[in-house]
There are 2 protein chains.
Amino acid sequence: MGMPAEERLGLDIKRAEQELIAAKQIAVRPAGLTVPQYATLYVLADNPGISAAALARACLVTPQAMTVVLKNLETRGLVERTPHPWHGNVLETRLTDTGRIALEEADERAVRIEQAIADELTAEERDTLRSLLRRCGTAIDRASSQL
Amino acid sequence: MGMPAEERLGLDIKRAEQELIAAKQIAVRPAGLTVPQYATLYVLADNPGISAAALARACLVTPQAMTVVLKNLETRGLVERTPHPWHGNVLETRLTDTGRIALEEADERAVRIEQAIADELTAEERDTLRSLLRRCGTAIDRASSQL
DNA sequence: TGACGAGTATCAAAGCTTTGATAATGTGCT
DNA sequence: AGCACATTATCAAAGCTTTGATACTCGTCA
């Protein structure tokens, strides 16, 4: 393999994300939610009536993946989907009261993970991390499109 | 929700990882591999005869997840699993010639993604990013265990 | 009016991942 | 020898994700 594993920053990013998602799983589990479900409800809380496709874009997943998540949430009564008043073919999705309660319970614990990250770094370091990650992202996109 | 979304660094980390994995998918796909399969073969190349459980730890997944990946790789003849010579209950896993070829083909393209990241940042910035991500990781672990 | 393109929803198949539980094997300690 | 412990492998169930394909609706433009 051409490039030494120690120089591959991708592993560091992946590791951080893996630790993050593992911690969030533990955080939101007592509320009866998975991480994708939590993320979906979180976006839904600020965007009532959003379409599943738009929700998928906001959560960085495919529409098909979002369909499955919504199906599970709807079965359990955490969200409700009603036909759009005049625009056929579109289903409006909204939080139910039960869904909002679950979200708040989950967020209360999930936010402690985010708070721990924020507390570990100074404001300047947070900006630096954001900036570096963003530059990685653009570099990745560029390389990917030229692949 | 208690904490503003803009302050949640988790989203930035997740986004970077998502872009990374999407790009790697595109990179390794022509070699007929998925990202988890590529990661598995990559570790396997440097650790012939490793057990599935150890492989799972190296790839940051559960043993069950690794079992599925190995099963798919074995079906397609990219790896072979033989009983450990004297230690029963352990299956040694090794790359086949076909598997090595697939890995090299995949790595040739995947490395361009890593190279793009490395090129985008100075040596000092790479160290900074690594350090910040590591500190995030420890903070996450700490918060998670105190949850 | 009619064609086209964008956005949305859904079915199907394949693969990955996790939790939970069970069983077999090897090692170390008593 | 016998027992506890750690490691390994595996089965089962549930959920997430992706690619690929199909179909419906709406707005725009010719």
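Keep in mind that this is a model prediction, so the values were computed, not measured. (Residues numbered from 1 in each chain as written. Chains lettered and ligands numbered in written order. Predicted model: local features only at pLDDT ≥ 70, side-chain atom pairs only at ≥ 80, totals over all residues. Heavy atoms only, no water.)

Colleague: Let's hear about the protein's contact with DNA strand D: which residues, and what values?
Modeller: In the vicinity of DNA strand D lie 26 residues, with A:Gln64, A:Asn72, A:Asn89, B:Arg29 and B:Asn89 positioned nearest. Near-protein atoms of DNA strand D (within 4 Å) split between backbone and bases, with sugar and phosphate holding 72%. The backbone of B:Ala53 places a nitrogen or oxygen atom 3.0 Å from a phosphate oxygen of DNA strand D. The separation between a phosphate oxygen of DNA strand D and a polar side-chain atom of B:Arg57 is 2.8 Å. Looking at the surface near DNA strand D, the elements that each hand over two or more residues are helix H2 (35-46) and helix H4 (63-75) of chain A together with helix H3 (52-58) and helix H4 (63-75) of chain B. Considering every element that reaches the surface near DNA strand D, the biggest residue donor is H4(A), with five residues. Of the residues assigned to the surface near DNA strand D, the class counts are ten nonpolar, 13 polar and three charged. (Near = heavy atom within 4 Å. Polar contact = N/O pair within 3.5 Å; in protein donor to acceptor, adjacent residues only side chain to side chain. Helix = DSSP H or I, 4+ residues; strand = E, 2+ residues; numbered from the N terminus. Nonpolar A, V, L, I, M, F, W, Y, C, P; charged D, E, K, R; others polar.)

Colleague: Tell me about the nonpolar core, residues and numbers included.
Modeller: Core analysis: the largest hydrophobic core is formed by 85 residues, its most contacted members being A:Leu33, A:Tyr38, A:Leu129, B:Leu33, B:Tyr38, B:Leu73 and B:Leu129. Setting aside residues no more than four positions away along its own chain, B:Leu73 makes contact with B:Leu33, B:Gln37, B:Thr40, B:Leu41, B:Leu78 and B:Val79. (Core = buried A, V, L, I, M, F, W, Y, C linked by side-chain atoms within 4.5 Å. Buried < 20%, exposed > 50% of the residue type's maximum accessible area, 1.4 Å probe, protein only. Contact = heavy atoms within 4.5 Å.)

Colleague: Outline helix H5 (residues 97-120) of chain A, listing residues and values.
Modeller: In this model, H5(A) (24 residues) spans 35 Å end to end at C-alpha, consistent with the 34 Å of a helix rising 1.5 Å per residue. A maximum bend of about 30 degrees is found in H5(A) at A:Glu108. Those residues of H5(A) that sit buried are A:Gly99, A:Ala102, A:Leu103, A:Ala106, A:Asp107, A:Ala110, A:Val111, A:Ile113, A:Glu114, A:Ala116, A:Ile117 and A:Ala118. Contacts made by the buried residues of H5(A) are with helix H1 (9-28), H2, strand S2 (91-95) and helix H6 (123-145) of chain A together with helix H1 (9-28) and helix H6 (123-145) of chain B. (Expected span 1.5 Å × (residues − 1). Bend = angle between axes of the 7 residues up to and from the residue.)

Colleague: Residues and numbers for the packing of H1(A) against H6(B), please.
Modeller: As a packed pair, H1(A) and H6(B) sit with axes 9 Å apart at the nearest point and diverge in direction by 20 degrees. Between H1(A) and H6(B), the angle is such that the two are roughly parallel. The interaxial crossing formed by H1(A) with H6(B) has left-handed handedness. Each of A:Leu9, A:Asp12, A:Ile13, A:Ala16, A:Glu19, A:Leu20, A:Ala23 and A:Ile26 in H1(A) lies in contact with H6(B), whose residues at this interface are B:Arg126, B:Leu129, B:Arg130, B:Leu133, B:Gly137, B:Ile140, B:Asp141 and B:Ser144. Its residues placed into classes, the contact of H1(A) with H6(B) shows nine nonpolar, two polar and five charged. (Axes fitted to C-alpha atoms, helices over the stretch in contact; angles between N-to-C directions. Parallel < 35°, antiparallel > 145°, perpendicular 65-115°, else oblique. Left-handed = near helix turned anticlockwise from the far one by under 90°.)

Colleague: Explain the relation of the copies chain A and chain B residue by residue, including any values.
Modeller: Note on the identical chains: chain A maps onto chain B by a rotation of 180 degrees and an axial translation of 0.0 Å, with an RMSD of 0.0 Å. Such a turn and shift between the copies fits a two-fold axis. Here 100% of the contact residues of chain A are again contact residues in chain B; the copies associate through an equivalent surface. (Least-squares fit on C-alpha atoms with pLDDT ≥ 70 in both.)

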